[in-house]
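Read off the chains here:
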Amino acid sequence: MLVLGPDRAVQHHRGREDRPVVEVAADETGFGIEPRHLVGLFCDREDHCFECIKYNLRLRSSLATLATSGVQIPDALRTVPAIVVNGYALDEPDFPTIDPNDILGGEIAGRALIDAGHRGIALLGGGTDDTTREREIGFRRAMASAPGSPAHYRFIAGEYSIRSGYLRMRAILEEAQWIPTAVFAINDRAALGAIQAITEAGYRVPEDISVIGYDDEPFLASDIHPALTTVLLPHYEMGQLGVLALLEHPGERPPPGRRDATPRLILRDSLAPPRPVL
């Protein structure tokens, strides 16, 4: 089994055994995989990818590729069992994929804020990429379904970085024309930047402004103060689903189409109801 890609779905599963997810998934389902079939490689260049493919073909084992967005499927992958995890094939829409279901994740974040009572929310986006677009689609669905008083939000494009979250949130607060009661940041790093700007401006999280992130990034989301409420990007489940799809169809490409993983809310300290208006 060869797993390629710059993605945590194939790294060691945190909180459990210090073993690759592919090996854990195989053991849990009773499939036998010899150590020689487990090769964990992280490739972000096509020439590296082809070298990995050649090595895998010599092993005559299955192959899974991982990517964080759209990828061109190399010709060598079309002759062996393969699946794209956390991405999609640009040139073959029906190529089997495992998707993180960012639309559902955005909706989960929006519903959490609405259920807490928030109706004025800032969405700190990451630009024009698919991840931002899909998370915003889900978020808009949640806004549209808010019961009672209508919910509204302001989208602010940015990047997936602490600095971007800080600068976008500081700009909102400096305008002072509209202060949101909550922020949905496109990832945990942008959320951390937003929290820095909020506290620097004299506001408190979550007493004055609640913050939700996305990813549940290790060594960040649970370690900052206040601990960050976030949506889990299901890396482990995506890796497991990808491996199982290959193992369930030995020697064949898995059935075409997309399988969705399931993001979920990780509730911590940065989310609270808005303060009552006096």
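Everything in this summary refers to the structure shown in the same document. This one's a predicted model, so the numbers in the text were calculated from it and none came from an experiment.

Some points on the nonpolar core
Note that soluble globular proteins tend to have their nonpolar side chains buried in a common cluster.
So, step 1. Ranked by size, the top nonpolar core spans 23 residues in total, and within it Leu 124, Met 169, Val 183, Ile 198, Val 211 and Leu 228 carry the most contacts.
So, step 2. Broken down by secondary-structure element, the contributors of at least two residues to this core are β8 (120-124), α5 (162-175), β10 (182-185) and α6 (188-200).
So, step 3. Top contributing element to this core by residue count: α6, with seven residues.
So, step 4. For Leu 228, the contacting residues outside a window of four places in its chain are Asp 188, Ala 191, Ile 195, Val 211, Ile 212, Gly 213, Ala 221, Ile 266, Arg 268 and Ser 270.
So, step 5. Core analysis: the second largest hydrophobic core is formed by 19 residues, Phe 139, Ala 146, Ile 212 and Tyr 214 among them.

Quick word on the pairing of strand β11 (residues 210-215)
So, step 1. Taken across its six residues, β11 has six buried, putting it largely inside the fold.
So, step 2. Pairing geometry for β10 and β11, over three bridges, is parallel. Note that in β11 the partner of Ala 182 across the bridge is Ser 210.
So, step 3. Handedness of the crossover joining β10 and β11 through α6: right-handed.

Points about the packing of aromatic side chains
So, step 1. According to the stated counting rule, one finds three aromatic pairs in the structure shown.
So, step 2. Ring geometry for Phe 139 versus Tyr 153: centroids 5.2 Å apart, planes at 90 degrees, classification edge-to-face. Taken as a pair, Phe 139 in helix α4 (residues 130-144) and Tyr 153 in strand β9 (residues 152-156) lie far apart in primary sequence, 14 residues in all.
So, step 3. Assessed through its relative accessible area of 23%, Tyr 153 is described here as partly exposed.
So, step 4. Three or more aromatic residues joined by ring pairs make a cluster, and in this case those are Phe 139, Tyr 153, Phe 184 and Tyr 214.

Observations concerning the packing of α5 against α6
The description of two helices packed together rests on the angle between their axes and the distance between the axes.
So, step 1. Interaxial distance between α5 and α6 falls to 6 Å at its minimum, and their mutual angle equals 40 degrees. With respect to their mutual orientation, α5 and α6 come out oblique. Handedness of the crossing formed by α5 with α6: right-handed. The residues of α6 that touch α5, namely those facing Ile 162, Gly 165, Tyr 166, Met 169, Arg 170 and Leu 173, are Arg 189, Ala 190, Leu 192, Gly 193, Ala 194, Gln 196, Ala 197, Ile 198 and Glu 200.
So, step 2. In terms of residue class, the contact of α5 with α6 is made up of nine nonpolar, three polar and three charged.

Considering the pairing of β8
So, step 1. Across the five residues of β8, five count as buried, placing the element largely inside the fold.
So, step 2. The pairing of β8 with β9 spans five bridges and is parallel. Counted as the bridge partner of Ala 122 is Arg 154 from β9.
So, step 3. Pairing of β8 with β10 involves four bridges; the strand directions are parallel. Residue pairing in the sheet places Leu 124 in a bridge with Ala 185 of β10.

Re the sheet that holds β10
So, step 1. With mixed pairing, six strands are arranged side by side in an open sheet as β9-β8-β10-β11-β12-β14. The outermost strands of the open sheet, each flanked by one partner alone, are β9 and β14 (264-266). With direction set aside, neighbouring strand axes in the sheet form an average angle of 20 degrees.
So, step 2. In this sheet, β14 lies alongside strand β12 (residues 229-232) in antiparallel orientation, the contact comprising three bridges. Note that in β14 the partner of Leu 232 across the bridge is Arg 264.
So, step 3. Together, β8, β10, β11 and β12 form the strand contacts of α6, whose direction differs from that of β11 by roughly 160 degrees.

Definitions and limits used
- Residue indices follow the written sequence of each chain, beginning from 1 at its first position.
- Local features in this predicted model are restricted to residues whose pLDDT is 70 or higher, and side-chain atom pairs enter the listing and the counts only when it is 80 or higher, whereas totals over whole chains, interfaces and linings include all residues.
- Only hydrogens and water are set aside when side-chain values are computed; all heavy atoms of the structure are taken into account.
- The criterion is simple. A nonpolar core is a set of buried Ala, Val, Leu, Ile, Met, Phe, Trp, Tyr and Cys residues joined through side-chain atoms within 4.5 Å.
- The buried label goes to any residue with under 20% of its type's maximum accessible area, the exposed label to any with over 50%, and the partly exposed label to all in between, with areas taken from a 1.4 Å probe on protein chains only.
- Strands are runs of DSSP state E lasting at least 2 residues, helices are runs of H or I lasting at least 4, and numbering of each runs from the N terminus.
- Contact definition: two residues touch when any of their heavy atoms are within 4.5 Å.
- Whether two strands pair comes down to DSSP finding at least two bridges between them.
- By convention, orient the strands away from the viewer: a clockwise path from the first strand over the helix to the second makes the crossover right-handed.
- Classification of ring pairs uses Phe, Tyr and Trp, with its six-membered ring standing for Trp, and accepts pairs whose centres are within 6.5 Å; under 30 degrees between planes counts as stacked, over 60 as edge-to-face, and the remaining range as tilted.
- For every element, the axis is a line fit to its C-alpha atoms; helices are fit only across the contacting stretch, and the angle between N-to-C directions ranges from 0 to 180 degrees.
- Between 65 and 115 degrees an angle is taken as roughly perpendicular, under 35 as roughly parallel, over 145 as roughly antiparallel, and anywhere else as oblique.
- Each helix crossing is assigned a hand: it is left-handed if the near helix lies turned anticlockwise from the far helix by less than a right angle, otherwise right-handed if that turn is clockwise.
- The classification used treats Ala, Val, Leu, Ile, Met, Phe, Trp, Tyr, Cys and Pro as nonpolar, Asp, Glu, Lys and Arg as charged, and all other residues, Gly among them, as polar.

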